[in-house]
Amino acid sequence: MDMMLKAKEDIKRRLEYLKTCTIANGKGVTRLPFSEEARKAAEYLKKEMEQAGLEAYIDMVGNVRGFLPAEEPDSQVIMMGSHYDTVKEGGEYDGIAGVVCAIQVADFMKRSGKKRKYALEIVAFNDEEGMMFGSGCLGSKALTGQIDQDYITNLTDENGISIREWMIKWGSDPDKIEELKLNLENIRAFFEIHIEQGPVLDTTKQEIGIVNCIVGLLRCMVTVEGRADHAGTTPMHMRKDAIEIASKTISKLDEFALEEQNGSVATCGFIRAYPNAMNVIASKCEFTMDIRSPKDISIENMKEKAVDLLEYHTDKVGASYKFDTKLRQKPVYMNQRLIDMLKEKCEKHQYQYREMTSGAAHDAMVFADKVDTVMVFVPSKDGRSHCPQEYSSYADLAKATQIVFETICDMMNEE
């Protein structure tokens, strides 16, 4: 069978099954870390890796890992993968499309009989999205040694259940989490295929995006503490209204981002008020700030402006605030040699491509400052993502699979 036709058919088959690994009666796909839906998907991915000729297993944080050995023992490893968890009511392609493409690369490598100077490891990462614990990239951080006992004990879901407790429910021993850390000097390169999640490639009718930078990210929870009082009898000048204070910061986030003039963005995507009653002045308001930029200084600028506003308005009425950083990631840059190799493959097959920045966080960013790393994007129809309308064509995913496979084959022949 033609390589591209097989890739499209296998990618479609796997994604058609994996979209069923979701909560019942839900919109889109909801597959949260350590859930029964995640277990179902992980077991299926393990089976698919084994059928592709890999030695596969599920590790203690829920990563699904498949290994194809090199011809020589103790050789370096080329890693490839993406994540299999989703946001709530998300799409069928975010993360998981890159996982099935990685399995396809391994399948082609095994079938080709080509020389393998390096081993190949495929990873389906758990908890990249951070939906439950607010941080994200749990699986990739565990493999790069960025997770310790404090981390898994202190980060909890909305019900106060920690990562440690979820690991125990999963059947793992959290006391051994440090054992997951890889010898990163043994990793030759890391590849990740992913849908773009934005409109650029779809608008320009280009088939491939080659990522040169993943923006930096600050994700935090801000808690404003005011005082609950009667909404009708408390004069305006005597209020400590937590919602009013929070809103004065939230309403300025767009201005802070635009002032940086470099593609920076800032978002409040979650707000919760207490006691959340129509006729009661809010005693507390929690909200998130998600700040991203290709320039680290811009992230700090936006954060400082938000903090200055919070300090001013809380001091003015005698309220207080707490700033809890959930995730802080500096901008990371992809390996230029790998970028050039992928561009060469695009030109060989006459695929329309562009170099571009990723505005979203990915597991690749966790590896990029430690290992030669590169990402490949495929178009997202109408730029939609993190929603049921998310769609990327199997043909484009097959093209991304092809250029990565051929690039890895070239690496296998390195002197």
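Shown above is the structure to which this text applies.
Residues numbered from 1 in each chain as written. Predicted model: local features only at pLDDT ≥ 70, side-chain atom pairs only at ≥ 80, totals over all residues. Heavy atoms only, no water.

A. A look at the layout of surface pockets. In this structure, the second largest pocket encloses a volume near 160 Å³. Contributing to the lining of the second largest pocket are M236, H237, M238, R239, K240, D241, E244, I245, K248, H313, K316 and V317. For the lining of the second largest pocket, the secondary-structure elements that each account for two or more residues are α8 (242-250) and α10 (296-317). A breakdown of the residues in the lining of the second largest pocket according to their chemical character gives four nonpolar, two polar and six charged. (1 Å grid on protein atoms, 1.4 Å probe; cavity = no way out; pocket = protein on both sides within 12 Å on 5 of 7 lines; lining within 4 Å. Points joined across faces, edges and corners; volume = space filled by probe spheres on them. Helix = DSSP H or I, 4+ residues; strand = E, 2+ residues; numbered from the N terminus. Nonpolar A, V, L, I, M, F, W, Y, C, P; charged D, E, K, R; others polar.)

B. Representation of the pattern of salt bridges. Tallied over the full model, the rule gives 31 salt bridges. Residue D10 is joined to K6 by a salt bridge in which the shortest nitrogen-to-oxygen separation is 2.7 Å. You can see D10 and its partner K6 sitting in helix α1 (residues 3-18), four residues apart, about one turn around the helix. We note that D10, like K6, is buried. Here R14 ties to E48 by a salt bridge, and the two come within 2.8 Å at their closest N and O atoms. Of the two residues, R14 sits in helix α1 while E48 sits in helix α2 (residues 36-51), which places them 34 residues apart along the sequence. Across the pair, exposure class does not vary: R14 and E48 are buried alike. Each of the salt bridges in this network shares a partner with another, and the network as a whole consists of K6, D10, R13, R14, E48, D107 and R111. (Salt bridge = Lys/Arg side-chain N within 4 Å of Asp/Glu carboxyl O. Buried < 20%, exposed > 50% of the residue type's maximum accessible area, 1.4 Å probe, protein only.)

C. Region of interest: the pairing of strand β14 (residues 373-378). With six of six residues buried, β14 is to be regarded as a mostly interior element. Neither face of β14 is open: one carries T373, M375 and F377, the other V374, V376 and V378, and all of them are buried. Of the pairings in the sheet, the one linking strand β5 (residues 187-195) to β14 comprises six bridges and is parallel in character. When the bridges of β14 are listed, F191 appears paired with V374. (Pairing = 2+ DSSP bridges.)

D. Fine view of the nonpolar core. Y84, F191, V404 and I408 are the most contacted members of the largest nonpolar core, which has 109 residues in total. Excluding its chain neighbours within four sequence positions, the residues that come into contact with I408 are I78, M80, V105, M109, L120 and F191. Counting 22 residues, the second-largest nonpolar core is a separate cluster that includes V222, A246, A306 and A319. (Core = buried A, V, L, I, M, F, W, Y, C linked by side-chain atoms within 4.5 Å. Contact = heavy atoms within 4.5 Å.)

E. Spatial organisation of the packing of α2 against helix α3 (residues 96-112). Two elements in contact, α2 and α3, have axes whose closest approach is 10 Å; the angle formed by their N-to-C orientations is 20 degrees. Considering the angle they form, α2 stands roughly parallel to α3. Contacts from L45, E48 and M49 in α2 reach I96, V99 and I103 in α3. (Axes fitted to C-alpha atoms, helices over the stretch in contact; angles between N-to-C directions. Parallel < 35°, antiparallel > 145°, perpendicular 65-115°, else oblique.)

F. Region of the structure containing unusual backbone geometry. With an omega of 0 degrees, the peptide bond running from Y274 to P275 counts as cis. Along the chain, P275 turns up in the loop between β9 (271-274) and β10 (284-293). Residues other than glycine seldom take positive phi values, yet Q261 does so here, at roughly 55 degrees. Relative to the helices and strands, Q261 resides in the loop between α9 (253-260) and β8 (265-267). Q261 sits in the exposed class, given a relative accessible area of 73%. Positive phi values are uncommon outside glycine, yet N276 reaches one of about 65 degrees. When its relative accessible area of 64% is taken as the criterion, N276 is described as exposed.

G. Just the pairing of strand β1 (residues 55-58), in detail. Here β1 runs beside strand β2 (residues 64-68); their pairing, made up of four bridges, is antiparallel. Counted as the bridge partner of I58 is V64 from β2. Hairpin remark: β1 followed by β2, antiparallel, with five residues in the connecting loop; positive phi at G62, about 95 degrees.

H. Layout of a negative patch on the surface. Taken together, the side chains of D148, D150, D173, E178 and E179 define an acidic patch exposed on the protein surface. By secondary structure assignment, the location of D173 is in the loop between α6 (163-170) and β5. (Patch = residues over 30% accessible without salt bridge, like charges linked within 9 Å, V, L, I, M, F, W, Y side chains within 5 Å. Areas by Shrake-Rupley, 256 points an atom, 1.4 Å probe, with all protein chains shown as cover. Lys, Arg positive; Asp, Glu negative; His and termini not counted. Charge placed at Lys NZ, Arg CZ, Asp CG, Glu CD.)

I. How the structure looks around α10. In a regular helix each residue adds 1.5 Å, so 22 residues correspond to 32 Å; α10 covers 33 Å between its end C-alpha atoms and thus fits that length. Those residues of α10 that fall on the buried side of the exposure criterion are S298, I299, M302, A306, V307, L309, L310, H313 and T314. On its buried face, α10 is in contact with β7 (216-225), α8, α9, β8, β10 and β11 (320-329). (Expected span 1.5 Å × (residues − 1).)

J. Geometry of the side chain of E192. Topologically, E192 is positioned in strand β5. Within the buried set, E192 has no salt-bridge partner at all; the shortest N-O distance to an opposite charge, 12 Å, is to R292. At 2.9 Å, the side chain of E192 forms a polar contact with the backbone nitrogen of A364. (Polar contact = N/O pair within 3.5 Å; in protein donor to acceptor, adjacent residues only side chain to side chain.)

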